[in-house]
Each structure stands twice: as structure tokens, then as C-alpha cells.
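Residue-level listing of the chains:
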Amino acid sequence: MSYVLGVPRYANTSPLYHFLQESEELQFRYGVPTELNQWLLEGSVDLSLVSSYFYLANADRLRPLPDFSVADLGPVYSVNLFHKVPWDRLKRVALTTESATSVRLLRYLLEADGLRVEYTSEAGGLELLERYDGVLLIGDRAIQTYAGLLPALPESVHQVPWQVGGVQVTDLSMKWYERTRLPFVFAVWATRKDEPPPPAVVRKLRAARQKGLGNLETVSLAEARRLGVPQPLMQHYLWNFRYQLEAPDRLGLQAFAEAVGLAYPDDYWDV
Ligand SMILES: C=C(O[C@@H]1C=C(C(=O)O)C=C[C@H]1O)C(=O)O
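Residues numbered from 1 in each chain as written. Predicted model: local features only at pLDDT ≥ 70, side-chain atom pairs only at ≥ 80, totals over all residues. Heavy atoms only, no water.

Along the chain, the position of Val-103 falls in helix 4 (residues 101–112). Given a relative accessible area of 19%, Val-103 falls into the buried group. In sequence terms Val-103 and Gly-125 are 22 residues apart; their C-alpha atoms lie 15 Å from each other. Beyond its immediate chain neighbours, meaning those up to four positions away, Val-103 contacts Leu-95, Thr-96 and Leu-136. (Helix = DSSP H or I, 4+ residues; strand = E, 2+ residues; numbered from the N terminus. Buried < 20%, exposed > 50% of the residue type's maximum accessible area, 1.4 Å probe, protein only. Contact = heavy atoms within 4.5 Å.)

What follows is the structure in C-alpha cells.
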């Protein structure tokens, strides 16, 4: 029987997977985070990316790898509330159906600012702004939408505009950083608690990550073409992620658990 890896359908994890080969022993099943979360609990994937919030809420059944994450310090560029009224006047917001973590993070950030907002889960893009004050997008859709708004390639990564025309872009990871000065962990990799990850699979994942991060130009070119986003922008976007769940990331994850009233188990596979 082959081991099934839950593989996200997003550019943001391409440095981890670009050089990973599917084989008879290791098969991929592709999905967006909300699908992968469910598949992991149900047993239709064995090792998978899982939304950090979903992991924390199901920590009695899941255990993560010690050194894999989708995290960053400051802006992430692809977890964005696109809105047409200022942040403190938001009343009705549409939420992506692909995310478990970001929707919880948005709720936390708005409540922390004393704001009461009505949320509706609805798939779509910027056209939702005709009916809502804001729309939360993540992953490929968010980075494509953001890149599509930019009038030109920014001169420097420090000059990415956060307002284009009538649309404001609030990067949730940046907002988290301003509040906590910590990284934000969007996802970890986990298995079910009674099914330890095979060390050979973890070795392959680590080797593929090392190669991916060492060849970001190749990886970002492939992803830029796939999504129709300028390659320099894609390369900076990928370069900016923290993929190794290091000590500062764990502090960020612990702070997120506290922020949403969940326990932080601090319990990782020794692999
Ligand atoms: C950084 C991102 O993080 C993603 C957001 C997730 C969530 O909100 O549940 C889950 C997995 C991550 O890959 C992104 O989508 O751009």
C-alpha cells in the first residue's frame, strides 16, 4: 500500500514539492487547505499540510512534524482582506471557503480592535465587493488578485502599495506582526497521532525542500507562469516564507493558540 501525502494546490508550498517525485510508495492527493484538513482526520491522506488553527483545534488526534511550516514574519502577501471601506468601518465581510486559519485570524484581529462584523462564507473574488465591504482571500487566488491590482512591478519590496484605486489590501500576517512582533504560522504538517510518519518519507520531504529553496529561481519561474504573475514578484513572495517551524515560529503558534483560546500542546514527532 502506498503512503498518501496531502499536497496543497498553492504556489506558496511549491518550494517544498517542486522536486518531490511521486512513486508507487508515495502518492499525492491535491487539495486546498480545508479539504486537506478533513482528509487528514478522515484518513484519506496520511501526512499532510494542515491549517494551524485546525491542528490546534484537533490536537488530541493529530501530531505535527517538528520542522515544517508555512509561516512568515511580517507581510505574507497572500492572506489578504481586500476592502472598500476603512478597516474600522467594516460591517459585512465575505470569507474564502479554502481556509481554516485565516478566517479565525481575521475574526481575532477585528475583535481585538473592538469591531463587530458579520461574516459569510462565499467562494469568489473581488466581484464580491459589490455585495460586501471586504473579501478575505488566501493562497493562489489572493496573490493573483493582488498582482492583478498592481499598476506596475514595484521598484522595491518595500514599496508594495497597500491601496490600489478604491481597494485597500490588509495583509493579515502584517497586522498580526504589528500586534505581537511574532511570526505567524499558517500551516504545519501532521499525521494522525497513532500513525507515526515514516522516516524515509520525512527524509524525502527535507531533501526536496532543500533543493527547492536552493533553486528558487526555477521554482518561482514555473509558478509565475502557472499563475500569470511577474516572476520577480513570485520569487520574493516565496523567498519570504519560513518553512522550517523554528523557535520564533513556535512562539508565534503558541501566541495564536492563546489568542483563540486553545491549548498549545508543544508536542511534535521526534523524526
Ligand atoms: C500563507 C497561506 O497560508 C495558507 C492558509 C491556510 C489557512 O488559512 O487555513 C492554510 C494553509 C496555508 O498554506 C496562504 O494561503 O497564502
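The environment of the ligand is made up of 19 residues, and the closest members are Ser-51, Ser-78, Ser-99, Thr-101 and Ser-102. In this structure, an oxygen atom belonging to the ligand sits 2.7 Å away from a side-chain N or O atom of Ser-51. Measuring from an oxygen atom of the ligand, one finds a backbone N or O atom of Gly-139 at 3.0 Å. For the ligand, whose free accessible area comes to 380 Å², the fraction covered by protein is 100%. Of the residues that constitute the shell around the ligand, the class distribution is 12 nonpolar, 7 polar and no charged. Among the domains, domain 1 (3–71 + 183–260) and domain 2 (79–180) are the pair contributing at least three residues each to the shell around the ligand. (Near = heavy atom within 4 Å. Polar contact = N/O pair within 3.5 Å; in protein donor to acceptor, adjacent residues only side chain to side chain. Areas by Shrake-Rupley, 256 points an atom, 1.4 Å probe, with all protein chains shown as cover. Nonpolar A, V, L, I, M, F, W, Y, C, P; charged D, E, K, R; others polar. Domains from an automatic or database assignment.)

What follows is about the sheet that holds strand 11 (residues 184–192). Two strands in a sheet stick together by hydrogen bonds in their backbones, pointing the same way (parallel) or opposite ways (antiparallel). Spatially, 2-1-3-11-4 is the arrangement adopted by the 5 strands of the open sheet, whose pairing is mixed. Edge positions in the sheet fall to strand 2 (26–31) and strand 4 (62–72), since each of these pairs with one other strand and no more. For this sheet, the mean inter-axis angle between neighbouring strands, taken without regard to orientation, is 30°. Packing of helix 2 (residues 33–42) onto the sheet brings it into contact with strand 1 (3–8), strand 2, strand 3 (47–51), strand 4 and strand 11, and relative to strand 3 it is tilted by some 125°. Across the sheet, helix 7 (residues 199–214) touches strand 1, strand 2, strand 3 and strand 4, and the angle it forms with strand 4 is around 5°. (Pairing = 2+ DSSP bridges. Axes fitted to C-alpha atoms, helices over the stretch in contact; angles between N-to-C directions.)

Examined against the element boundaries, Thr-96 turns out to sit in the loop between strand 6 (92–95) and helix 4. By relative accessible area, Thr-96 is classed as buried at 9%. Reaching out from Thr-96, the side chain makes a polar contact with the backbone nitrogen of Glu-98 at a distance of 3.0 Å. Every residue in contact with Thr-96, bar those within four places of it in the chain, is listed here: Val-103, Glu-122, Leu-136, Leu-137 and Ile-138.

Our next topic: the packing of helix 8 (residues 216–227) against helix 9 (residues 231–239). Between helix 8 and helix 9, the least distance of the axes is 8 Å, while the angle of their chain directions is 120°. Classified by the interaxial angle, the pair formed by helix 8 and helix 9 is oblique. As for how helix 8 packs across helix 9, the hand of that crossing is right-handed. Between helix 8 and helix 9, the residues in contact are Leu-216, Glu-217, Val-219, Ser-220, Leu-221, Glu-223, Ala-224 and Leu-227 and Gln-231, Met-234, Gln-235, Leu-238 and Trp-239, respectively. Here the residues of the contact of helix 8 with helix 9 sort into 8 nonpolar, 3 polar and 2 charged. (Parallel < 35°, antiparallel > 145°, perpendicular 65-115°, else oblique. Left-handed = near helix turned anticlockwise from the far one by under 90°.)

Time to look at the pattern of salt bridges. Where charged atoms from two side chains of opposite charge come close, those side chains can pair. Taken as a whole and assessed by the stated rule, the structure comprises 14 salt bridges. Ionic pairing is found between Asp-140 and Arg-226, a salt bridge with its closest N-O pair at 3.0 Å. Of this pair, Asp-140 sits in helix 5 (residues 139–149) while Arg-226 sits in helix 8, placing them 86 residues apart in sequence. The buried category is assigned to Asp-140, whose relative accessible area is 9%. Via salt bridges that share partners, Asp-46, Arg-192 and Glu-195 belong to a single interconnected network. (Salt bridge = Lys/Arg side-chain N within 4 Å of Asp/Glu carboxyl O.)

Counting residues in each nonpolar core, the largest one holds 98 residues, and the members touching the most others are Leu-5, Leu-105, Leu-106 and Trp-189. When residues of this core are assigned to their parent elements, the largest contribution, 7 residues, is made by strand 11. Two domains each donate at least three residues to this core, and these are domain 1 (3–71 + 183–260) and domain 2 (79–180). The contact partners of Leu-5, leaving out residues within four places of it in the chain, are Tyr-17, Leu-20, Leu-26, Gln-27, Phe-28, Arg-29, Leu-47 and Leu-205. (Core = buried A, V, L, I, M, F, W, Y, C linked by side-chain atoms within 4.5 Å.)

Turning next to helix 9. Along helix 9, the positions that sit buried rather than exposed are Gln-231, Leu-233, Met-234, His-236, Tyr-237 and Leu-238. Elements in contact with the buried residues of helix 9: helix 1 (14–17), helix 5 and helix 8.

Bringing the domain arrangement of the protein into the picture now. Domain boundaries in the protein define domain 1 (3–71 + 183–260) and domain 2 (79–180). Its C-alpha centre places domain 1 at a distance of 22 Å from the equivalent point of domain 2. Opposite the 29 residues of domain 1 that make contact, domain 2 presents 22 residues. Around 2100 Å² of area is buried between domain 1 and domain 2 when both sides are counted, 73% of it from carbon and sulfur atoms. Summed over the shared surface of domain 1 and domain 2, the result is 1 salt bridge. Our count for the contact surface shared by domain 1 and domain 2 stands at 10 residue pairs in polar contact (both at pLDDT 80 or more). Residue assignment for the side of domain 1 that touches domain 2 shows that the elements contributing at least two residues are helix 2, helix 3 (52–57), strand 11, helix 8, helix 9 and helix 10 (247–259). Here the residues of the side of domain 1 that touches domain 2 are counted per class, giving 20 nonpolar, 7 polar and 2 charged. (Buried area = accessible area lost by both parts, 1.4 Å probe.)

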